[in-house]
Amino acid sequence: MNDRLQLFLMKLLPKNTVSRLAGRFAGSRFSRLFIPYYIRKFNVNLQEAEKTWEDYPSLVEFFIRRLKADARPIDPASDSVISPVDGKVAQLGKIEDGNLVQAKGVFFTVAELLGGDEERAKRYHGGTFLTVYLSPTDYHRIHMPLTGQVKGSTYVPGTLFPVNPFGVRAVQGLFAKNERLITYFDTAAGEVALVKVGATIVGSVKVEYDQLSGTNIKGGRLERKDLPAGPAYEKGEEMARFEFGSTIILLFEPGRVELSGDLHLEARVRLGEKIGHILTR
């Protein structure tokens, strides 16, 4: 099926409703019967899991499984920035003229990504970004890329196109159209934005610092929260999770972080690995 036909059919699909229903099914006890199939289909590494697959009461609980304590060592250097997830680098580079690259020749703006927040978006103009895609095989908890304190969050309602290679190719401005939950941190590298992008069949995005926040909320509206007394997290500490897979985007202010030279498109990254370092000022 070519991209144009597939996109046409995807637009007809009630993606948010289907995703909510899929999330409910995946959270049911009946879904537990599908865990062995999921393991085989996506070649899940069970040696890293905290528990055996039989110990999970539902497919979603298996999907958001934690790993063994030593499965993902955290780079200890005080100036290092680590990957917050397991996944594959989809895009990276400098934010030129307020634009981020989605795919070759396809761009979207920081302001669009941040739900129309033009003033906040200006903080990142000339800065650096990194987009990481999480496949169904990957570990789906999200950890801190560096030590910081939560200062705010934004929930941006939207649609739920797939964020796989087809979606990236076919949907102009994909990451600025899909639902997303953005967390802003105050760190040694200035403000950092961690954007968690929803996708088709993603039941929800959850964050540790606010039990009321999430994505794919029926009738949800744009919501910005200032959190001056937000919690502080250490580098590598868990702060969110995807209940079925998606994409994260990291935004850094100009002159604050340099990404590692060995990062490139399609590179595999793992939680805790160094992906850059904080620049001294």
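Residues numbered from 1 in each chain as written. Predicted model: local features only at pLDDT ≥ 70, side-chain atom pairs only at ≥ 80, totals over all residues. Heavy atoms only, no water.

The protein chain carries the name Phosphatidylserine decarboxylase proenzyme in an unreviewed UniProt entry, which gives Tumebacillus algifaecis as its organism. Regarding the protein chain, the relevant UniProt record gives this comment under Subcellular location (unreviewed entry): "Cell membrane". (UniProt positions renumbered as here; feature names shortened; annotations may be inferred.)

Caption draft 1: The arrangement of the pattern of salt bridges in detail. In the structure shown here, the tally under the stated rule is 14 salt bridges. We note a salt bridge from D86 to R72, for which the minimum N-O separation is 2.6 Å. Taken together, the residues span a long stretch of sequence, with D86 in the loop between β1 (80–82) and β2 (87–94) and R72 in the loop between α4 (59–63) and β1 at a distance of 14 residues. Residue classification places D86 among the buried residues on the basis of a relative accessible area of 3%. By relative accessible area, which is 10% here, R72 ends up buried. (Salt bridge = Lys/Arg side-chain N within 4 Å of Asp/Glu carboxyl O. Helix = DSSP H or I, 4+ residues; strand = E, 2+ residues; numbered from the N terminus. Buried < 20%, exposed > 50% of the residue type's maximum accessible area, 1.4 Å probe, protein only.)

Caption draft 2: How the structure looks around the side chain of E238. If you trace the backbone, E238 turns up in strand β13 (residues 238–243). On the accessibility criterion, E238 (14% relative accessible area) is buried. Within the local environment of E238, its side chain forms a polar contact with the side chain of R66, the two groups lying 3.2 Å apart. Apart from the residues lying within four places of it in its own chain, the contact partners of E238 are R66, R141, I142, H143, E208 and Y233. (Polar contact = N/O pair within 3.5 Å; in protein donor to acceptor, adjacent residues only side chain to side chain. Contact = heavy atoms within 4.5 Å.)

Caption draft 3: View of the sheet that holds strand β15 (residues 257–259). Spatially, the three strands line up as an open sheet ordered β1-β17-β15, and their pairing is antiparallel. Of all strands in the sheet, those with a lone pairing partner are β1 and β15, marking the two edges. Taking the axes of each pair of neighbouring strands and ignoring which way they run, one obtains an average angle of 35° across the sheet. Relative to strand β17 (residues 274–278), β15 runs antiparallel, the two sharing three bridges. The partner of L259 across the bridge, within β17, is G276. (Pairing = 2+ DSSP bridges. Axes fitted to C-alpha atoms, helices over the stretch in contact; angles between N-to-C directions.)

Caption draft 4: Summary view of the side chain of K196. Mapped onto the elements of the fold, K196 is located in strand β9 (residues 190–197). At 2.9 Å, the side chain of K196 and the side chain of T183 are in polar contact. There is a polar contact of 3.0 Å between the side chain of K196 and the backbone oxygen of L194.

Caption draft 5: Main features of the UniProt feature "modified residue: Pyruvic acid (Ser)" (unreviewed entry) in the protein chain. Mapped onto this numbering, the UniProt entry annotates "modified residue: Pyruvic acid (Ser)" (unreviewed entry) at S246. Here S246 shows up in the loop between β13 and β14 (247–252).

Caption draft 6: Fine view of the packing of aromatic side chains. Inspection of the entire model under this criterion finds five aromatic pairs. Both rings, one in Y38 and one in F62, keep their centres 6.3 Å apart while their planes meet at 80°; by these two values the pair is edge-to-face. Placement of the pair is Y38 in helix α3 (residues 35–42) and F62 in helix α4, with a sequence separation of 24 residues. Classification of Y38 by relative accessible area gives buried; the value is 7%. Considering the side-chain rings of Y38 and F63, the 6.1 Å spacing of their centres and the 80° angle between planes classify their relative orientation as edge-to-face. Note that Y38 is positioned in helix α3 and F63 in helix α4, a separation of 25 residues in sequence. Of the two residues, Y38 and F63, both sit in the buried class. (Phe/Tyr/Trp six-rings, centres within 6.5 Å; stacked < 30°, edge-to-face > 60°.)

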